[in-house]
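Chain and residue survey
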Amino acid sequence: MEKYTGKPVGFGDVEVTGGFWKKKQELVERVTIGAVFKRFEETGRNGCLDAGWKEGMPFRPHIFWESDVTKWIEGAADFLRKHRDAALEEQIDILVDRMEKAQDENGYLNAYFTAVEPEARFTRRTDHELYCAGHLIEGAIAYCEATGKRKMLDIAIRYADLIDRVFRIEHSASFDTPGHEEIELALFKLYRYTGEERYRMLAEYFLDTRGTSERDGTYSFADLEHMQSHLPVRRQRTAEGHSVRALYLYSAMADMALLEKEDELADVCSDLFENIVNRRMYITGGVGSTHRGESFSYDYDLPEYTAYNETCASIALAFFCRRLWLIRADRRYADCAELALYNTVLSGLSLSGDEFFYENPLAVDPRRTAFNDSRAQGLREHLPILQRVKVFSCSCCPPNLIRAIGAIGDYMYSFSGNTVYAQCYMNADAEITLGARRVVLRQRTEYPYDGNVRIRTETDGDYTVALRIPSWCDAYTVHINGEEIPAEAEEGYVLLARTWSAGDEVVLDMVMEVKLIEGNPQVPDLCGRAAFTRGPLTFCAEGVDMPGVQLRDIRVGNAGEYAVLEETVAGERMPVLEGKAYVRPEFTELYRPCRESYREITLRLIPYHAWANRGECEMTVWFLKKS
Ligand code: FUB
Ligand code: ZN
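Quick look at the structure, then. The structure displayed is predicted, hence computed values, not measured ones.

A few words on the packing of aromatic side chains. Each aromatic ring pair is characterised by the separation of its centres together with the angle its planes make. According to the stated counting rule, one finds 28 aromatic pairs in the structure shown. Between Phe 37 and Trp 72, the aromatic rings sit 5.1 Å apart at their centres with planes inclined by 40°, giving tilted as the arrangement. Taken together, the residues span a long stretch of sequence, with Phe 37 in helix α1 (residues 19-42) and Trp 72 in helix α2 (residues 65-80) at a distance of 35 residues. Of the two residues, Phe 37 and Trp 72, neither departs from the other in class, the shared state being buried.

This is the structure in structure tokens:
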């Protein structure tokens, strides 16, 4: 693929028809959307949108509550686009009416500042006004696309125009760029949606100004790296600071590199990606390893029990990857997006669909958590919770999960010229417009649980289908209409160029082996340990499956001995791995001379995303490696 020629195939052109993601989408549509709405009602988030709060009233608005709601609207709208639902639309219309009521004549819109501190508008860089504006814009576009209703979009446009004037034209705010990025990628979306140049110019202004403004460094929370303001964006080569902010920023930088065909920015994005995947990402696609500032840390600092790994950060990592594969075809972008989506993103959602993790650790020990919880506030270490909850006081992740799953079709295909790239495999139909040609592809697969993918073309014509061969896949075959064809991958894609006839069928068979993976010894927690993967999934053990066994003492041998069983875990069918492992026999002393004696056990592993659905118990991803 020629650089900068990639085009997205949006989820609007993709219909998920079955398999893994259909079940997740049905769950979110049936349970999650309503559950999050209910909690946002009960916690005052929805009600405060009209900025009518007065001293003495309950539910004083928080500076970014409305971003939770507009993100929920975006997620709900992603589903409405497929199935209109009058009751759901009525709920959204009420929220939009409240926003309309809260909006100032000049376009300003923020329930907290309007109701609580009107004199402080646009004075504190860290206070999320522009972050909220970004989510408002994204939600408004999604709702308008889904329903044709423009009211929310008009509200968002009025606010975007005010922001353009205040920040880009008059410089009349007290700061120059947002402390929490998000508006930049939203403005690129608004530019693409409306065709209005000023939104692109404003997005680019924010990116070009970041890290160059004196005024941006003078606020109380002045750790500039935390807000990716330590350097101009074109000089940032390592992922720093708050991980969600960073990845929303990098996503916008990738948008700009693509739009402007800018090599310097594209190279920065590529370096940031390399730094993340080679030094700062967990084997689950989790990023932002420390709770201190919810941040990226230093290279190889990937602790297990205290891993922060915010669900939103992995969603944002997938956003970044999806943009990178438009700049340049490299299978590793889709590998990384899948790693994030199938592991840390999905672990954020309970199998019941109504409870959420904000943090996604690699190991938990309920004894450590119980002791910690029994201490007074100031005497506690920061540990992740053991069970998902219905809402957090900071509730950015639940609505982010709704929109990530609602728009999962965004990850399926991209195209460039005459070539359709099959990026992430899923059971879905897609209609793709390649110039003047319409291409319809029906994909059937049980991926990520199985490596067999069938793609049937429904349209005649000359074009190329590029099949991504993921990095984890060591062996595969490709058949067209039953005949095996030689299939050498270039840059990780097998290119099938031919004159297609409706009804032609491509079958890609990827061998999905169980693999034992080791980590770089510079990661202290990983020395001598190994983890199990199969395809894009990382597996873990839970105490509930291994009674009487201390999980961290388990030693594992050869992955080839592990059987893949299809079983029910907390009511859901999924692959479970089972095989031989070892623990030390009776060990009563605290210390003793070393002894090479082991007891054989059967180790049972479930997909990481399904952990913590069967009560509190120990969990680990990494195991000691038996020599
Ligand atoms: O600050 C707004 C959102 O809340 C961030 O993106 C999350 O990391 C959480 O801090
Ligand atoms: Zn979050």
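With that settled, consider the site of ligand 1. Neighbouring ligand 1 are Phe 64, His 128, Tyr 131, His 180, His 242, Val 244, Glu 294, Glu 310, Tyr 358, Cys 394 and Cys 396. In this structure, His 242 approaches ligand 1 through a side-chain N or O atom, which is 2.9 Å from an oxygen atom. Take Glu 294: an N or O atom from its side chain is 2.6 Å from an oxygen atom of ligand 1. Its free accessible area being 270 Å², ligand 1 has 94% of it covered by the protein chains. Split into classes, the residues belonging to the shell around ligand 1 amount to six nonpolar, three polar and two charged.

On to the coordination of the zinc ion (ligand 2), then. Distances from the zinc ion (ligand 2) to its protein donors, Glu 310 (OE), Cys 312 (SG), Cys 396 (SG) and Cys 397 (SG), fall at 2.0 to 2.4 Å. Of note is the zinc ion (ligand 2), whose four donor atoms meet at the metal with angles of 91 to 120° in an arrangement that counts as tetrahedral. For the zinc ion (ligand 2), all donor residues lie on one chain, and their spacing in sequence is E-x1-C-x83-C-C. Each member of the pair, Glu 310 together with Cys 312, is buried.

Let us now look at the side chain of Asp 164. With respect to the helices and strands, Asp 164 occurs in helix α6 (residues 151-169). When neighbours within four sequence positions are excluded, Asp 164 is seen to be in contact with Ile 169, Arg 198 and Leu 202.

In this structure, Glu 66 sits in helix α2. Setting aside chain neighbours within four positions, we find Glu 66 in contact with Leu 49, Leu 109, Asn 110, Ala 111, Tyr 112 and Cys 132.

Across all of its chains, the model carries 66 salt bridges by this definition. As a salt-bridge pair, Lys 149 and Asp 93 come within 2.8 Å of each other at their nearest N and O atoms. Of this pair, Lys 149 sits in the loop between α5 (129-147) and α6 while Asp 93 sits in helix α3 (residues 86-102), and the two are 56 residues apart along the sequence. Taking relative accessible area as the criterion, Asp 93 reaches 24% and is therefore assigned partly exposed. Close ionic contact of Glu 338 with Arg 468 constitutes a salt bridge, the shortest N to O distance being 3.0 Å.

Structurally, Ile 92 is set in helix α3. Residue Ile 92 is classed as buried on the basis of its relative accessible area of 0%. Separated by 19 residues in sequence, Ile 92 and Ile 73 place their C-alpha atoms 6.6 Å apart. Ignoring any residue separated from it by four or fewer positions in sequence, one finds Ile 92 in contact with Trp 72, Ile 73, Ala 76, Leu 80 and Tyr 143.

Definitions and limits used
For every chain, the first residue of the written sequence is number 1, and numbering continues from 1 onward in sequence order. Chain labels run from A onward and ligand labels from 1 onward, assigned in the order the entries are written. Totals for whole chains, interfaces and linings use every residue, but because this is a predicted model, local features are given only for residues with pLDDT of at least 70 and side-chain atom pairs only at 80 or more, for both listing and counting. Side-chain calculation: all heavy atoms of the structure are included, whereas hydrogens and water are not. Centres within 6.5 Å are what make two rings of Phe, Tyr or Trp a pair, Trp counting through its six-membered ring; a difference in plane orientation under 30 degrees is then read as stacked, over 60 as edge-to-face, and the rest as tilted. Numbering of helices and strands starts at the N terminus; helices are DSSP runs of H or I of at least 4 residues and strands are runs of E of at least 2. For every residue, the accessible area obtained with a 1.4 Å probe (protein chains only) is divided by the maximum for its type, and the residue is called buried under 20%, exposed over 50%, and partly exposed between those limits. Neighbouring residues are identified by heavy atoms, a residue being near a molecule or strand if any of them is within 4 Å of it. Two N or O atoms form a polar contact when they lie within 3.5 Å of each other; inside protein one atom must be a possible hydrogen donor and the other a possible acceptor, and for residues adjacent in sequence the pair counts only when both atoms belong to side chains. Areas reported here follow the Shrake-Rupley algorithm with a probe of radius 1.4 Å; residue values treat only the protein chains shown as occluding. Residue type decides the class: Asp, Glu, Lys and Arg count as charged, Ala, Val, Leu, Ile, Met, Phe, Trp, Tyr, Cys and Pro as nonpolar, and the leftover types, Gly among them, as polar. For Na, K and Ca the donor cutoff is 3.2 Å, while for all other metals N, O and S atoms count as donors only within 2.8 Å; water does not appear among the atoms, so some sites may look incomplete. Site shape is set this way: if four donors have all angles between 85 and 135 degrees, tetrahedral; if opposite donors are over 155 degrees apart and all others between 65 and 115, square planar for four donors and octahedral for six; otherwise irregular. Contacts were defined at the residue level, with two residues in contact if any of their heavy atoms lie within 4.5 Å. We define a salt bridge as a contact between a side-chain nitrogen of Lys or Arg and a carboxyl oxygen of Asp or Glu at a distance within 4 Å.

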